[in-house]
Amino acid sequence: MASVDTEIFKKLARDTLTATLGIFLGKKDLVIDNALMNMLERLMGMTFLRSNDVDRVYKLEQKEILDGCEQRVFLVRPSICVMKKIAAHINADKRSRKLRKYLILAVPRRLHICDLVLEQEGVFGYVQIEELNLSFVPLDVDLISLENDSVLNSFFMEGDCTWLHSVAMSIVNFQMYFGTFQNVCGQGRGAKIVHDLVKTSMNERNIRPANSKIDQLILIDRNVDYTTALCSQLTYEGMLDDIFEIKCGTVTFEKDITNSDRPIQKILNSNDVVFNSIRNMHFFGVFNVCKAKAKEIKVAYDSSKEKSVGELKNFVHSELPALQAQHKSVTLHIGACEKMMTRLQKGTKHRPMLKETADTEHALLQDSGYYADYYNFVEERIHRQSEMADTLRLLCLMSCVCSGLDKKTYKELKEQFLRSYGFRHLITFFNLKKVGLLDELQSNSKGQTTSLSIESNLNRFADKIPAGSSIASSLANLQKKDSFRIVCKKLSLIPREDSSNNQTPKDMSYVFDGAYIPLSCRLVEQAIDRNGWKNLEDVLRHLPGDTFEENQGKSMKGGGGARDHKKTVVVYFIGGVTYTEVAALRYLAKEKKCKIIIAATSILNGKRLIQQFIES
Amino acid sequence: MTETLGWIQLGKRYIRKCTLYEPMCWNAGIDLSKHIVSISRYGGLIALGNRESNNGRNLTIHIYNAAGKEISSFKWNSGPFLGMGWTNSDDLLCIQEDGKILLYDIFGQFIRIIRMGKECEDHRVLEYEIFLSSAGTGVVVMNGLYRFMVVNNVDEPKVRTLSQVPGLKSTPPSSWCALPGPRGCRVLAANDDEIYLLDQGDLCTRQYPTGLSSEPASYICMSVSLDRKHVALYTNEATVWIGSADFKEKYCELRTNEGGCPKQMLWCCNCVVSFGSASDRPTDDKALVIYWQKKILVIGPGKDWVRYDVEEDYSNTSIHGAAVLCADVDGIHIITGNRHEYLQHVPKTVEDIYFPGSVEPGSVLYDASKEYERQSEKADEYLRILLDKNELERAVEQCTIASTFEFVSRSQKQLLRAASFGKTFRPELELTDLFVNACQYLRVLNALHDFNVGIALTAAQLQHLKMDCLIDRLVVRRQFRLAFYICKFLKMAEDRGSSRILSHWACYKVQQSNVPDEKIAYDIRNKLKNARGVSYASVAEKAVEKGRKDLAIKLLEFESRASEQVRLLSKLGKHTLAVEKAVESGDSDLAYEAITRLRERSSLSDFLVAIRQHPIAYKLHLKYCREQNQRMLKDLHEQEDNFIELANCHVRDSYGPIRREERNVALHSALDSFNKARNEFAAKMTDEQLQLVKDQIDLEQETGGNYIDSSLHDTLLMLLSSNYNQKAEKMRKQFKVSDKRWWWVKLTALADQRNFSELEAFSRSKKSPIGYMPFLESCVRNNAPKEAEKYVSKVAKDQQVAALVKTGNMRAAADMAIQIKNLCDLELVHKKCGPEHRDVQERVGNFLQQLR
């Protein structure tokens with residue numbers, strides 16, 4: 001069975017870039033799209049770029065860059081507005097009679113539309129356009145991401161499948177290096193499209209995957225489970241992301257935490273021993289672990305005092321560097337913990353107390369009688385003008401849990417919201433409705449009579465209607481009536497007893513104070529157990545999008561000795577994954593004694609999810 | 001021994017004349033001397049054109065396979081016909097006197113025309129020669145000015161003029177021939193007794209044959225071998241000089257005693273490397289073949305010669321004895337009216353085995369096997385010799401290889417039996433591989449030799465040609481079935497074997513203009529559905545070429561590569577279908593490309609009608625418009641009656657640095673659209689926004705502040721913060737602002753102004769709809785704990801401890817918590833006590849323990 005080494009993607013990316021930059025011989029400047037900045041920093045680093053004859057690196061902004069050398073390389077996502085910016089740069093050079101050669105590297109693929117825009121702007125003849133097929137960024141040994149936020153917006157909202165193609169290609173790539181997936185199963189429209197694309201492109205390009213096999217690939221659309229992504233995160237890494245924002249696996253700690261005069265950028269991965277031990281823990285336990293670790297380090301330091309000269313020499317050489325690194329790390333994490341603690345327990349004008357918020361969310365998830373209190377809670381947020389994305393997040397969470405707000409509540413909250421945050425967000429509400437994050441309940445007279453048979457009829461009917469039309473969406477609403485509660489019950493997502501003992505988690509619900517097991521992770525668990533969706537149709541029926549499953553090839557040698565090998569599973573989240581889910585899946589992997597590799601189009605949190613749909 | 005029958009010694013080597021086909025399939029009465037004949041290399045295709053056809057009028061050209069079976073014929077209807085020859089890809093070059101060269105395939109289909117230039121057109125082409133070079137097939141012609149023009153490769157016809165023959169008067173060169181080289185073809189030409197090598201760009205060097213015994217008056221015939229290593233000169237005194245092509249080495253000189261110019265003079269030599277022979281012994285088989293009317297003379301390099309009488313067999317029959325010779329890479333085709341023979345040096349391996357008294361291991365094994373069949377104990381004796389000398393392996397090898405050189409299946413079998421017999425004692429894998437390979441080769445070769453197929457390939461030629469190339473040739477000859485079975489038999493990879501053949505077959509199939517589209521599409525699909533990697537697009541492209549658009553579209557249905565499908569559909573002008581297919585493929589980029597093309601090629605209204613039928617394409621187009629063409633976007637929404645989206649566009653327009661009228665227009669349009677969409681809520685909100693904007697504009701004029709683009713809440717807050725209380729009150733009424741909101745706004749404004757007295761007054765004005773905790777909190781936030789404490793008593797009873805904690809008065813909080821003995825409150829206080837409240841924490845801690 002293949003051992004999957006995610007670092008290979010870094011090497012691949014570097015090789016690809018070297019080859020592509022080689023198109024221009026000699027010195028060249030790099031102009032980088034903001035959307036790619038973090039990704040490139042993580043993958044390449046300046047020293048690597050220098051070794052590829054890169055002279056200066058600029059950010060792609062509206063402002064023209066008139067200096068720099070004669071060869072310029074634009075490293076960008078292929079979008080209309082970026083192309084317009086590039087055209088403006090080139091035109092500015094032309095006006096000031098600067099002669100330059102231009103190379104546009106479109107990541108991960110060249111799109112026809114870019115050619116079109118460049119043509120319209122009259123610079124097509126001046127540029128060479130190439131593809132730079134960067135696939136995954138390995139954020140950790142078990143976490144790889146395409147770092148492409150726009151999948152949510154373009155696919156789930158606008159129905160544009162451009163990026164799904166990239167997702168499919170990343171899977172094709174994966175199979176080339178690590179082997180075919182024996183079982184592929186998925187839930188969601190995007191997942192289905194991706195799966196089909198993978199199949200056709202494997203066929204038509206005559207790609208021969210690596211010889212080994214990987215047990216399973218599970219594809220899940222983000223809209224299958226918005227709820228989990230909308231909840232406040234309570235694991236350490238999740239909170240770091242919510243509060244400090246982790247960009248491409250790197251977090252920036254400001255001066256108030258570093259206790260020094262400059263902010264520190266820290267790469268968060270399993271190489272950091274301290275971080276690795278606390279990242280997936282529920283936050284409440286973290287502080288104690290950090291303290292214990294700090295003590296341990298102190299003891300180790302102190303022990304050096306009693307050492308002989310020879311021992312000391314040895315100590316300085318072998319243990320000290322590691323200790324120092326750990327010490328640095330512990331200090332930082334304790335600093336971060338303190339900051340988080342304040343956020344947890346103290347509100348500000350626009351940021352309410354996190355603990356209260358989380359508790360309210362959990363009450364909503366657990367208790368269907370809690371709506372009124374939740375309503376008041378959200379209304380107060382609106383009146384207080386709390387952070388907008390956060391308020392919307394709470395609204396959407398309510399809608400997702402209740403499978404739509406009742407008509408009156410929906411209207412009232414919307415009105416209040418618009419009066420607080422501005423009329424333009426009328427569009428935001430339309431957007432959220434389109435992607436199914438925030439919607440109203442359909443009138444009850446129809447809904448209640450919906451028996452199972454009618455429901456399946458509706459299903460069939462819905463297939464014939466072009467997606468996105470208003471009939472389709474209202475039909476979808478009829479089908480999904482109270483689906484979240486049904487799914488909760490069928491998959492027992494709400495643990496019976498309160499397992500709020502945070503130190504030793506009993507199941508995946510620990511990530512949410514024992515209030516709720518993330519739906520997406522539970523689905524993964526089921527898929528691993530059943531090696532597919534067998535007999536789960538009853539549940540999946542209530543989730544949006546297509547359900548599919550395919551077995552590709554028999555398991556090797558009739559499964560003899562299959563007991564010995566550790567199952568390897570790849571879970572791919574189309575539309576992003578949260579650190580909370582990552583933590584829950586890591587817990588699951590430990591429980592099931594299998595290897596889970598988490599792939600995603602991007603790393604998500606509630607805020608970033610919502611922000612994709614806010615009208616600016 | 002029968003095996004060596006027909007072998008004739010020539011110096012140290014033997015030559016043999018093998019009969020490939022007898023009789024020929026054509027009418028045996030044919031007189032080849034009355035025809036222009038051309039025979040192709042690597043397979044022996046024969047093209048015939050009647051010489052007496054009077055300058056090409058009434059001329060019919062027939063093309064036969066090596067067995068004389070007609071493949072096609074076509075009537076010559078072009079200019080004055082001069083001659084013809086085959087290219088190395090089995091196309092027929094027909095040369096006209098005006099210097100035009102017409103290219104035909106073996107089915108007589110015209111391919112293209114090559115022109116040798118104006119000079120040839122004006123002065124007629126007198127003679128020509130077709131040669132093979134590393135670049136491909138080339139042509140040299142000599143025109144009426146006795147100048148030579150060369151095209152080195154007919155696939156990229158570029159005419160080059162060679163230098164003139166020095167000292168030439170009004171007569172043509174007495175003889176000439178082409179000498180292809182790595183840098184293009186040169187010509188050897190003789191002006192009577194002077195030989196020149198003519199090169200491009202007026203370069204020309206005189207050549208002096210070494211060791212000429214007597215200076216002849218003129219050279220009347222010359223010939224260069226296919227491998228360009230040897231040259232032969234024939235003088236007017238019937239003497240032949242043969243030597244190396246650079247004239248520096250003389251092989252021999254011979255007086256032939258024949259009258260008149262030879263009809264043909266050519267080299268029989270082995271210039272291909274085949275099985276085994278390269279590894280041990282480089283062959284240097286060369287012999288010159290001269291053909292006169294009645295006899296063929298073969299001259300070896302050692303001045304040995306052999307004479308064949310051509311007419312001896314035919315003296316009493318009606319069959320004409322005229323023969324035509326053609327040099328191939330390892331021998332010479334000799335074709336007469338009723339037979340096709342092949343003259344070659346007996347391959348060394350074969351010679352070693354059959355030569356009487358040979359002691360080569362192969363020969364011993366061959367004898368052993370024969371004795372074995374005769375059940376003679378000698379078999380054992382022979383075998384022991386081989387085993388003792390440890391030569392059995394080599395013997396098996398020799399027999400196996402020799403078998404491939406035999407044309408008659410009886411000899412092939414005999415040799416293979418010998419090999420197989422020996423192999424039983426040496427079961428090495430390499431030997432088995434070799435044996436299996438040889439058998440496969442023979443099977444293929446024998447299948448090719450069948451007179452219906454009529455491809456006269458020798459094993460050496462096939463080796464040189466490579467199997468892929470053979471398959472191509474079979475495909476060109478439309479021998480799809482045979483090619484297909486050969487691929488299956490040899491287990492060739494699908495993409496270079498069966499799939500390739502099937503696509504060629506399909507390409508041929510679409511050209512059958514008499515068969516209806518449906519039938520062809522069905523047949524093709526039927527045959528190809530199990531083949532991997534067949535490009536339907538290329539088949540469809542062929543159909544397009546043949547003007548069968550509908551068929552092409554039908555075929556494209558089966559193409560799995562969407563990009564190919566879409567590309568071709570666009571090319572066919574089926575833009576709508578292209579969009580549909582592109583969308584189906586799931587590749588948005590492809591869809592975009594198709595949409596753009598559709599947009600470019602059709603009128604706007606047609607475009608809109610077409611695109612609306614494909615929701616995904618439509619969405620993509622919308623997305624494009626949103627960023628590039630707002631106007632178009634609105635038009636689209638309007639036509640689609642998608643009023644919500646239309647309204648959204650207007651809402652977007654109503655923001656930003658625009659003039660107030662524009663803002664109003666935008667909002668009114670939005671309102672209108674929302675009404676049309678029957679979205680009461682949105683309409684109401686838009687109406688409210690209109691009102692708000694109107695008020696904000698007034699406010700800006702009255703107060704000079706910036707209000708536009710702010711929400712109602714923010715506007716109120718700004719008014720209150722700037723102490724425009726009246727205006728705020730007015731707005732409150734006008735917009736029916738809820739009490740809750742009003743209290744929040746006012747409370748925030750007052751607290752942020754640190755106007756605590758006013759705040760307190762406000763708190764007393766009425767019972768607060770939002771409770772009093774917010775008052776307390778906002779005071780704390782504005783660093784006024786003393787002010788905050790004023791509200792503690794007003795906070796609901798169960799929250800008072802929490803309230804006190806918030807004000808920071810831990811002592812009071814502790815007192816109260818202890819008094820009401822509430823566990824939660826006590827814990828809260830205990831947790832919140834900082835280092836400055838150690839004593840309080842202790843007290844609460846103790847009390848907690850007591851309670852527990």
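Residues numbered from 1 in each chain as written. Chains lettered and ligands numbered in written order. Predicted model: local features only at pLDDT ≥ 70, side-chain atom pairs only at ≥ 80, totals over all residues. Heavy atoms only, no water.

**Concerning the overall build of chain B**
Across its full length, chain B carries 34 helices and 29 strands. Relative to the globule expectation of 29 Å for 852 residues, the C-alpha radius of gyration of chain B, 49 Å, shows a markedly less compact shape. For chain B, the spread of C-alpha atoms along the principal axes amounts to about 145 × 75 × 55 Å. Contacts in chain B between residues far apart in sequence, at least 24 positions, make up 50% of those at least 6 positions apart. (Helix = DSSP H or I, 4+ residues; strand = E, 2+ residues; numbered from the N terminus. Rg over C-alpha atoms; globule rule 2.2 N^0.38 Å. Contact = heavy atoms within 4.5 Å.)

**Some remarks on the pattern of salt bridges**
Residue and element names in this part refer to chain A. According to the stated counting rule, one finds 94 salt bridges over all chains in the structure shown. The partner of D142 in a salt bridge is R586, with the nearest N and O atoms 2.9 Å apart. Placement of the pair is D142 in the loop between β6 (137–140) and β7 (143–145) and R586 in helix α27 (residues 579–592), with a sequence separation of 444 residues. Each member of the pair, D142 as well as R586, carries the same accessibility label: buried. Here R608 ties to D241 by a salt bridge, and the two come within 2.8 Å at their closest N and O atoms. On the criterion of sequence distance, the pair formed by R608 in helix α28 (residues 606–611) and D241 in helix α10 (residues 236–244) is long-range, its members being 367 residues apart. (Salt bridge = Lys/Arg side-chain N within 4 Å of Asp/Glu carboxyl O. Buried < 20%, exposed > 50% of the residue type's maximum accessible area, 1.4 Å probe, protein only.)

**A word on the state of the cysteines**
All names here are of chain B. If you walk through the whole model with that rule in mind, you get zero disulfides over all chains. Cysteine C261 shares no disulfide, and the gap to the nearest cysteine sulfur, in C221, comes to 4.9 Å. Not part of a disulfide, C399 finds its nearest cysteine sulfur in C439, a span of 13 Å. (Disulfide = S-S within 2.5 Å.)

**Thoughts on the confidence of the model for chain A**
Residue and element names in this part refer to chain A. The predicted model of chain A averages 84 in pLDDT, with 89% of residues at 70 or higher. Confidence, expressed as mean pLDDT per element, reaches its minimum in chain A at helix α21 (residues 444–449) with 41 and its maximum at strand β15 (residues 577–578) with 95. Per-residue pLDDT stays below 50 along residues 444–475; that stretch engages in 25 contacts with residues further than four places along the chain or on separate chains. Note on residues 555–562: pLDDT under 50 across the span, and four contacts to partners over four residues away in sequence or across chains. (pLDDT = per-residue confidence, 0-100.)

**Re the sheet that holds strand β24 (residues 286–291) of chain B**
Residues and elements named next belong to chain B. What the four strands build is an open sheet, ordered β23-β24-β25-β26; its pairing is antiparallel. Of all strands in the sheet, those bounded by a partner on one side alone are β23 (264–269) and β26 (305–309). Going across the sheet, the axis of each strand differs from the next one's by a mean of 20°, ignoring polarity. The sheet contact formed by β24 and strand β25 (residues 295–299) spans four bridges and is antiparallel. Residue pairing in the sheet places V289 in a bridge with V298 of β25. (Pairing = 2+ DSSP bridges. Axes fitted to C-alpha atoms, helices over the stretch in contact; angles between N-to-C directions.)

**As for unusual backbone geometry**
With the exception of glycine, most residues fall at negative phi, and the peptide bonds are largely trans. In the segment running from V107 of chain A into P108 of chain A, the intervening peptide bond is cis, with an omega of -5°. Within the secondary structure, P108 of chain A is located in the loop between β4 (101–106) and α5 (112–120). Residue P23 of chain B is bonded to the preceding E22 of chain B through a cis peptide linkage, with omega at -10°. Position of P23 of chain B relative to the elements: it lies in the loop between β2 (13–21) and β3 (35–39). With a phi close to 55°, E147 of chain A is a non-glycine residue in the positive phi region. Structurally, the position occupied by E147 of chain A is in the loop between β7 and α6 (150–157). The backbone of K593 of chain A sits at a positive phi, close to 55°, despite the residue not being glycine. Mapped onto the fold, K593 of chain A is located in the loop between α27 and β16 (595–600).

**Section: the interface of chain B and chain A**
Contacts between chain B and chain A engage 53 residues on the former and 50 residues on the latter. Across the chain B/chain A interface, buried area totals approximately 4700 Å², and carbon plus sulfur atoms make up 53% of it. For the pair chain B and chain A, the interface holds 10 salt bridges. Here E158 of chain A makes a salt bridge to K623 of chain B, at a shortest N to O gap of 3.7 Å. Across the chain B-chain A interface, the total number found is 25 residue pairs in polar contact (both at pLDDT 80 or more). Sorting the residues of the side of chain B that touches chain A by element identifies α18 (588–601), α20 (615–628), α22 (643–653), α23 (660–676), α24 (680–703), α25 (712–721), α27 (739–752) and α29 (773–781) of chain B as the ones contributing at least two each. Broken down by element, the residue count for the side of chain B that touches chain A peaks at eight residues, all from α20 of chain B. Here the residues of the side of chain B that touches chain A sort into 18 nonpolar, 14 polar and 21 charged. (Buried area = accessible area lost by both parts, 1.4 Å probe. Polar contact = N/O pair within 3.5 Å; in protein donor to acceptor, adjacent residues only side chain to side chain. Nonpolar A, V, L, I, M, F, W, Y, C, P; charged D, E, K, R; others polar.)

**Side note on the packing of aromatic side chains**
Enumeration according to the criterion identifies 42 aromatic pairs over all chains in this entry. Geometrically, the ring pair formed by F74 of chain A and Y102 of chain A is stacked, given 6.2 Å between the ring centres and 25° between the ring planes. With a gap of 28 residues between them, F74 of chain A in strand β3 (residues 71–76) and Y102 of chain A in strand β4 connect regions that are remote in the sequence. Note on Y592 of chain B and Y624 of chain B: the rings are 6.2 Å apart at their centroids and 80° apart in plane angle, and the pair reads as edge-to-face. Here Y624 of chain B lies in helix α20 and Y592 of chain B lies in helix α18, a separation of 32 residues in the sequence. Linked through ring pairs, F9, F136, F174, F178, F181 and Y572 of chain A together constitute an aromatic cluster. One residue, K423 of chain B, lies across the ring of F435 of chain B, its end atom 5.2 Å from the ring centre. Over the ring of W505 of chain B we find K527 of chain B, and its NZ or CZ is 5.2 Å from the ring centre. (Phe/Tyr/Trp six-rings, centres within 6.5 Å; stacked < 30°, edge-to-face > 60°. Lys NZ or Arg CZ within 6 Å of the ring centre and 35° of its normal.)

**Topic: the sheet that holds strand β8 (residues 92–96) of chain B**
Residues and elements named next belong to chain B. Read from one edge to the other, the open sheet built from four strands follows the order β7-β8-β9-β10, with strand pairing classed as antiparallel. For this open sheet the edge positions go to β7 (81–86) and β10 (110–115), each flanked by a neighbour on one side alone. Within the sheet, the average angular offset between the axes of one strand and its neighbour, ignoring direction, is 20°. The sheet contact formed by β7 and β8 spans five bridges and is antiparallel. By the bridge assignment, F81 is partnered in β8 with Q96.

**Brief notes about the pairing of strand β8 (residues 180–187) of chain A**
Residue and element names in this part refer to chain A. Most of β8 sits out of view: eight of its eight residues are buried. Pairing between β8 and strand β9 (residues 213–221): seven bridges, direction parallel. Directly across from G186, in β9, lies its bridge partner L219. The pairing of β8 with strand β13 (residues 547–551) spans five bridges and is classified as antiparallel. The residue bridging G186 from the neighbouring strand is F548, located in β13.

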